[in-house]
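# Structural overview
For reference, the chains in residue letters:
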Amino acid sequence: MTAPDIAFLGPHGTFCEQALRSLVEAPGSALAGSRLRPAASTTAALDLLRAGEVGLACVPIESSVEGAVPATMDGLVEAPSVVVVREILLPVRFAVLVRPGTTHDDVRTVASHPHGEAQTRRWLAAHLPAAEVRMTPSTAAAAAAVADGQVDAAVCAPVAAGHYGLEILADGVHDTGDAVTRFVVAAPAGSRLPAPTGSDRTSIAATTVNEPGALLAILTEFAIRGVDLTRIESRPSKERLGTYWFFLDGAGHVAEPAMGEALAALHRRCTELRFLGSYPRATVPAGSTAPSPPVAPPVPGQGTGDYDAAAGWLTALRDVPDDALGI
Ligand SMILES: O=C(O)C(=O)C[C@]1(C(=O)O)C=C[C@@H](O)C=C1
């Protein structure tokens, strides 16, 4: 199989590119040799995937400091469907980059991605209080804008300095230490899912009727099967005010009975249900001081073996020979 082209949030020098490279350049990666194609936004990266111009798209989905990336959440539920096949956790460290020779006093404008700005807001207020802050579609787009002379400084990844011929004015810039951003790699719906590893995550998006307890009923389908929910978000359905997509991530793989049964129950219960993928749970790379996300202990009686035993018991109850006594 030839390695697929992969779109990512560009231009070159984004955290997204670093995250993707950590996957593609890992020893033995099935993606070695993939062509990486920068896209102007997360929406554009997912559009390239939907248009069939790339086989995969890597986009940021959430930050430990700033939360969800709304454009990605919205992009994941659009039609035609896509599925997440990998997640990547990347510790993020920001630098302030400037054109060579620029000093603190020269900085009148500073640009970054909204998540970059949100993670360095207090630092900027303390160190560049007079600078006007502008938003760009990515942190590397901010670095490119500095190189073009459109702004004086960018809050971005230190690697962007090499891409755009910039200098580091300040490094290790953050308001909250040990920030981690989570990225996902999406494939067209119908792609073969990664096999269960024993430590997986499944993502779905669901809509439901507006009645008391409707969301609780969804959550209950996971709770009664011992599925640890790792994230819940809502986004407007965009049809009218007050209607939402609920995005849920849970520990487990759709191929496992607990998760599979929970999803089947949601299929009966929800107005709309989108399966957004089952993929291995990522951990923060070794060497980082940032902690990996917590993992809940397994719930007794809810393992695959327990489900198999229960299914066998039920089959035996039902499987009565045709000539057996009865009424
Ligand atoms: O702009 C980038 O470099 C990105 O990869 C996006 C992104 C994000 O969406 O959160 C990734 C990491 C940082 O938190 C800031 C920006």
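Residues numbered from 1 in each chain as written. Predicted model: local features only at pLDDT ≥ 70, side-chain atom pairs only at ≥ 80, totals over all residues. Heavy atoms only, no water.

It is worth spelling out the overall build of the protein at this point. Secondary structure assignment for the protein yields nine helices and 15 strands. Dimensions along the principal axes, computed over C-alpha positions, put the protein at roughly 95 × 50 × 40 Å. In the protein, the proportion of contacts linking residues at least 24 apart, taken out of those at least 6 apart, comes to 76%. When the accessible surface of the protein is totalled, it reaches about 16,100 Å², and 56% of it is carbon and sulfur. Side-chain charges in the protein split into 24 positive and 35 negative, and the spacing between the mean points of these groups amounts to 3 Å. (Helix = DSSP H or I, 4+ residues; strand = E, 2+ residues; numbered from the N terminus. Contact = heavy atoms within 4.5 Å. Areas by Shrake-Rupley, 256 points an atom, 1.4 Å probe, with all protein chains shown as cover. Lys, Arg positive; Asp, Glu negative; His and termini not counted. Charge placed at Lys NZ, Arg CZ, Asp CG, Glu CD.)

Under the UniProt annotation, "domain: ACT" (unreviewed entry) lies at residues 203-280. Helix makes up 29% of residues 203-280 and strand 38%, and the two end C-alpha atoms of the span are 11 Å apart. (UniProt positions renumbered as here; feature names shortened; annotations may be inferred.)

Attention shifts here to the pairing of strand β12 (residues 200-207). Taken across its eight residues, β12 has eight buried, putting it largely inside the fold. By the alternation rule, side chains of β12 split into Asp200, Thr202, Ile204 and Ala206 and Arg201, Ser203, Ala205 and Thr207, which are all buried. Looking at chain direction, β12 and strand β14 (residues 244-251) are connected through six bridges and run antiparallel. Counted as the bridge partner of Arg201 is Ala251 from β14. (Buried < 20%, exposed > 50% of the residue type's maximum accessible area, 1.4 Å probe, protein only. Pairing = 2+ DSSP bridges.)

The next thing to look at is the packing of helix α2 (residues 42-50) against helix α3 (residues 70-77). Following both chains from N to C, one finds α2 and α3 inclined at 20 degrees, their axes separated by 9 Å at the closest point. As judged from the angle between their axes, α2 and α3 are roughly parallel. In this structure, α2 meets α3 at a crossing whose hand is right-handed. Contacts between α2 and α3 involve Thr42, Thr43, Leu46 and Arg50 from the first element and Ala71, Thr72, Gly75 and Leu76 from the second. Tallied by class, residues from the contact of α2 with α3 come to three nonpolar, four polar and one charged. (Axes fitted to C-alpha atoms, helices over the stretch in contact; angles between N-to-C directions. Parallel < 35°, antiparallel > 145°, perpendicular 65-115°, else oblique. Left-handed = near helix turned anticlockwise from the far one by under 90°. Nonpolar A, V, L, I, M, F, W, Y, C, P; charged D, E, K, R; others polar.)

Taken together, 16 residues lie near the ligand, and Phe15, Cys16, His115, Gln119 and Thr139 sit nearest. For the ligand, an oxygen atom lies 2.5 Å from a polar atom in the side chain of Thr139. Between an oxygen atom of the ligand and a side-chain N or O atom of Thr181, the distance comes to 3.1 Å. Burial of the ligand by the protein amounts to 100% of the accessible area it has alone, namely 360 Å². (Near = heavy atom within 4 Å. Polar contact = N/O pair within 3.5 Å; in protein donor to acceptor, adjacent residues only side chain to side chain.)

This next bit is on the pattern of salt bridges. Under the defined criterion, the tally for this structure stands at 21 salt bridges. Arg182 is paired through a salt bridge with Glu62; the nearest N and O atoms lie 2.8 Å apart. Of this pair, Arg182 sits in strand β11 (residues 180-188) while Glu62 sits in strand β3 (residues 56-63), and the two are 120 residues apart along the sequence. Its relative accessible area of 5% is what places Arg182 among the buried residues. The partner of Glu132 in a salt bridge is Arg134, and the shortest N-O contact between them spans 2.9 Å. (Salt bridge = Lys/Arg side-chain N within 4 Å of Asp/Glu carboxyl O.)

Moving on, we come to the nonpolar core. Counting residues in hydrophobic clusters, the biggest one holds 36 residues, and the most contacted among them are Cys58 and Phe183. Here this core takes six residues from helix α1 (residues 15-24), the largest share from any one element. Not counting residues within four places of it along the chain, the set of residues in contact with Cys58 comprises Ile6, Ala7, Phe8, Leu9, Cys16, Leu20, Ile88, Phe183, Val184 and Val185. Counting residues in each nonpolar core, the second largest holds 23 residues, with Ile61, Ala205, Phe247 and Tyr279 among its members. (Core = buried A, V, L, I, M, F, W, Y, C linked by side-chain atoms within 4.5 Å.)

To continue, consider the side chain of Ser34. With respect to the secondary-structure elements, Ser34 resides in the loop between α1 and β2 (36-39). Residue class for Ser34 comes out buried when judged on its relative accessible area of 11%. A distance of 2.7 Å separates a polar atom in the side chain of Ser34 from the backbone oxygen of Pro4. With residues up to four places along the chain from it excluded, the contact list for Ser34 reads Ala3, Pro4 and Ile6.

Moving on, we get to the environment of Arg269. If you trace the backbone, Arg269 turns up in helix α8 (residues 257-269). Considered as a pair, Arg269 and Thr207 are 62 residues apart in the sequence and their alpha carbons are 9.6 Å apart. Discounting residues that sit within four places of it in the chain, Arg269 has contacts with Ala217, Ile218 and Glu221. Within the structure, Arg269 has its side chain in polar contact with the side chain of Glu221 (distance 2.9 Å).

Using the residue numbers shown here, the UniProt feature "domain: Prephenate dehydratase" (unreviewed entry) corresponds to residues 5-188. With 30% helix and 33% strand, residues 5-188 has end C-alpha atoms that lie 13 Å from one another.

Once that is clear, we can look at the sheet that holds strand β15 (residues 272-280). Here four strands make up an open sheet; going across it, the order is β13-β14-β12-β15 and the pairing antiparallel. Both outer strands of the open sheet, β13 (229-236) and β15, are each paired with one neighbouring strand and no more. Taking the axes of each pair of neighbouring strands and ignoring which way they run, one obtains an average angle of 15 degrees across the sheet. Pairing of β13 with β14 involves seven bridges; the strand directions are antiparallel. Paired with Arg231 across the strands is Asp249, a residue of β14.

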